[in-house]
Amino acid sequence: MSAAPSAERELPVRAPGRHLRLSPTLLLVPATVFLLVLFGWPVVNVLKQSLFDHGFTVREYTRAFEPAYRRILLHTIEIALSAAGLSLLFGYPTAYVMARVRPRVRIVMVLVVGAAYLSNPLARNYAWIFMLGTRGVVNDTLLRLHIIHQPLDLIFNRTGLLIGMVHILMPTVILILLATMLAVGNDPLRAAASLAAGPFTAFRRAYFPQTMSGVVAGFVLAFVIGSAIFTTAAMLGGQNDFMMSNEIVDQVQALNWAFAGALAVILLGVVLVAILIVQRFLGAGALVDRGGVMARNAPVRVVRVHEGRVTAAVDAVMNRCWRWLPGVVAVVVMVYLSLPLLIILPISLGPSRFITWPPSGVTSTWYSKYLSEPAWRHATVNSFEIAGITTALSLMLGLPAALGLARSRSRLRGPILAFMLSPLIIPNIIAAIGILFFFSKFNFTGNVFSVALGDTIEALPLATLVMLAALRNFDPAIERAAASLGAGPIRTVFKVTLPILAAATATAALFAFMHSFNSLLMAMFVGGINATTLSKQMWESLADFEPTITAVSMLMVGFGLLVFIGLRLLQRRDRTGSLT
Amino acid sequence: MADALGYVSDETFDDELSRAGETVILLDFTADWCAPCKAMEPILEGIAEEYAGRMRVFRVDFDECPDVADRYQVMSLPTLILLRDGEPVQRVRGAQNRRAIVELLAGAEL
């Protein structure tokens, strides 16, 4: 995204006849200082803690490269790459179909993807447990249809882990690709078709290269998020699927913080190497373009494929099936994304004390139990409080930052933008460890504010990105007109700028809220027993399972769906950044 | 050593327990969809071997044995129940590590 042409030079906000002059670059200061103190410094401190123990030592790193931990690192890379690759393989045709269907169909598809995106990951993992068990929904259905005669081993192994991880990663990949594809439009395909290219040949040569920025951004983000997921590995994976983030969590809980720090630094190194490789081969603009929105119109180097017999043979086969293949993949993906969310409802209404399929009746017992148990009630109140504080902080810091990023022409703007977005492309477990070390020094743990400050590290860039995208279409001449009529800068912001950005600000608020509401790590690391959130309570319930969790999972999924419908309504009011 | 663990159903439960010989029995209530139950399996295998001759360990799959689960009022998984002369003397809910299980058994003078 690029800034509006009329904002090419830095526009000081100045009221006629007054001496107050605000440089847009100054608006970047609060968010930058916040992230320097609560993200930059803590991450550097993780490195320091892992290297210094009464003097410089590489003891923790020597231990981290022992065979057992090397194996975990290799598993982590292998699992994250596989999950990101599968998300892209199935997500690309789905996004391709979504970009080309009628708007009404697209709305339904975006609703499915968005509901999955905003649903609590733990609730989704629980849903997969109910789906994939030996007596789960999938095996039960296949056995009843006589497609199989023995239950398939679909859970507590690599298969189960990848099914669960791809469900978490794919919505992100699809939404990024869809934004890229809507920007590209259908012109390349029409142009190629007019030159008598077959449908797949036209796609491969004229369309796909133009969407490479989305492919790269989607894949890298999926890899980064996947490398830090630990709940799915613990809930759906087998004994050989233990990931680096699981080890880091265990070491933190065993109070081996220096070793956990060393493992986190190694994980960070792996992610940075992956990003450097992508940038080396595909161009520096692959992840963040000059305007600051990921994957939209970012210039990337296109890998040229040598045209020869092989490509001709592939084209000959694919041209025959390309008209229906993406559609079939999209239908399968829609079922895959929505089924676990839908299946929780009947299971949560089942009367059995444990998970049975099909349910033998209908009861509201587990919902009543959720409402009556103090632990769940307390966790619910904490989750809303923490998400509320996170949202307020993200807007207070993110709105000035977005205005500053959209208007500033300072040379510092680029580096500040890259720094502000870095929490999104660095595994969140590293920031969580940094915050744990940092807050522990000041004895500032075990309260809702410490968790909210931690959650804001990722919610702030998310909110800033949403508002920055809206500012793309904002004409600063409106503000100048207000100023020329005598409005001061503060009055202009409150009477002109904010009302125009209201829908985008509300969208940013919902993203920030849901990010915090669904997050687990900060509550685990710095929340203590006083700031237990719903996610943390759900995570702890895994070790002591009872069916109230099905009701909580259903409520979390339903809440995500409601929020997404709210987002859609907001987007209808303000078309900026809309995906439909 | 999967043999170290005994497996029962609703129908075989009483017979298996009376055939077990030992007066002390550890029941491990589990289910095939329960991840922490799976994680405890190797620990319980080790415990069963170590305490062989003094105690038997039985895994009780909830889906196979709903009546047994009812009889012992199991409300969450995993649950461990220690029986002495057929009567429950210790009960612990949630995933346990090896040390916690050994402490539980020590509490029952094993």
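Residues numbered from 1 in each chain as written. Chains lettered and ligands numbered in written order. Predicted model: local features only at pLDDT ≥ 70, side-chain atom pairs only at ≥ 80, totals over all residues. Heavy atoms only, no water.

Chemist: Could you clarify how one ought to interpret the nonpolar core in this entry?
Modeler: Looking at soluble globular proteins, one finds that nonpolar side chains tend to be buried together. Ile248 and Phe525 of chain A together with Leu27, Phe29 and Leu77 of chain B are the most contacted members of the largest nonpolar core, which has 212 residues in total. Broken down by element, this core gets its largest block of residues, 15 residues, from helix H7 (residues 158-184) of chain A. The contacts of Ile248 of chain A, once residues within four sequence positions are left out, are Ala260, Leu263, Ala264, Leu267, Ile429 and Ile433 of chain A. (Core = buried A, V, L, I, M, F, W, Y, C linked by side-chain atoms within 4.5 Å. Buried < 20%, exposed > 50% of the residue type's maximum accessible area, 1.4 Å probe, protein only. Helix = DSSP H or I, 4+ residues; strand = E, 2+ residues; numbered from the N terminus. Contact = heavy atoms within 4.5 Å.)

Chemist: Just to check I follow, could you spell out the pattern of salt bridges for this structure?
Modeler: Proximity of charged atoms lets side chains of opposite charge pair with each other. All names here are of chain A. One pass over the full model with this rule turns up 17 salt bridges over all chains. The shortest N-O distance in the salt bridge between Glu78 and Arg158 comes to 2.8 Å. Highlighted residues: Glu78 in helix H3 (residues 67-100) and Arg158 in helix H7, separated in sequence by 80 residues. Glu78 gets classed as partly exposed once you look at its relative accessible area, which sits at 40%. Since its relative accessible area comes to 25%, Arg158 is described here as partly exposed. A salt bridge links Asp140 to Arg144, with the shortest nitrogen-to-oxygen separation between them at 2.7 Å. You can see Asp140 and its partner Arg144 sitting in helix H6 (residues 137-144), 4 residues apart, about one turn around the helix. (Salt bridge = Lys/Arg side-chain N within 4 Å of Asp/Glu carboxyl O.)

Chemist: I'm lost on the packing of aromatic side chains in this one. Help?
Modeler: The geometry of an aromatic ring pair comes down to the distance between the two centres and the angle between the two planes. Summed over all chains, the structure comprises 32 aromatic pairs over all chains. Summarising the aromatic geometry, the rings of Phe230 of chain A and Trp539 of chain A are spaced 5.4 Å apart at their centres and angled 85 degrees between planes, so their arrangement reads as edge-to-face. Taken together, the positions of Phe230 of chain A in the loop between helix H10 (212-228) and helix H11 (231-236) and Trp539 of chain A in helix H25 (residues 534-541) put the pair 309 residues apart, joining distant regions of the chain. Under the relative-accessibility criterion, Phe230 of chain A is labelled buried at 5%. When the ring of Phe29 of chain B is compared with that of Tyr72 of chain B, the centres are 6.3 Å apart and the planes differ by 55 degrees; the resulting orientation is tilted. On the criterion of sequence distance, the pair formed by Phe29 of chain B in strand E2 (residues 24-30) and Tyr72 of chain B in the loop between helix H3 (66-71) and strand E4 (79-84) is long-range, its members being 43 residues apart. Tyr72 of chain B shares its class with Phe29 of chain B; the two are buried. A cation over a ring is seen here: Arg63 of chain A above Phe259 of chain A, with NZ or CZ 3.8 Å from the ring centre. (Phe/Tyr/Trp six-rings, centres within 6.5 Å; stacked < 30°, edge-to-face > 60°. Lys NZ or Arg CZ within 6 Å of the ring centre and 35° of its normal.)

Chemist: Can you help me understand a nonpolar patch on the surface in this one?
Modeler: A cluster of nonpolar side chains, Leu26, Val29, Val33, Leu36 and Val37 of chain A, forms an exposed patch at the surface whose accessible area comes to about 410 Å². Inspection of the secondary structure assignment puts Leu26 of chain A in the loop between strand E2 (21-22) and helix H1 (29-51). (Patch = residues over 30% accessible without salt bridge, like charges linked within 9 Å, V, L, I, M, F, W, Y side chains within 5 Å. Areas by Shrake-Rupley, 256 points an atom, 1.4 Å probe, with all protein chains shown as cover.)

Chemist: Whenever I open this one, the state of the cysteines confuses me. Can you help?
Modeler: Defined simply, a disulfide is a covalent bond joining two cysteines at their sulfur atoms. Residue and element names in this part refer to chain B. Under the counting rule described, the total for this entry stands at 1 disulfide over all chains. Here Cys34 is linked by a disulfide to Cys37, with a sulfur-sulfur distance of 2.2 Å. Across the S-S bond linking Cys34 and Cys37, the dihedral sits near 75 degrees, which makes this disulfide right-handed. Residue Cys37 is classed as buried on the basis of its relative accessible area, which comes to 0%. With no disulfide of its own, Cys65 has Cys37 as its nearest cysteine by sulfur position, at a separation of 13 Å. (Disulfide = S-S within 2.5 Å.)

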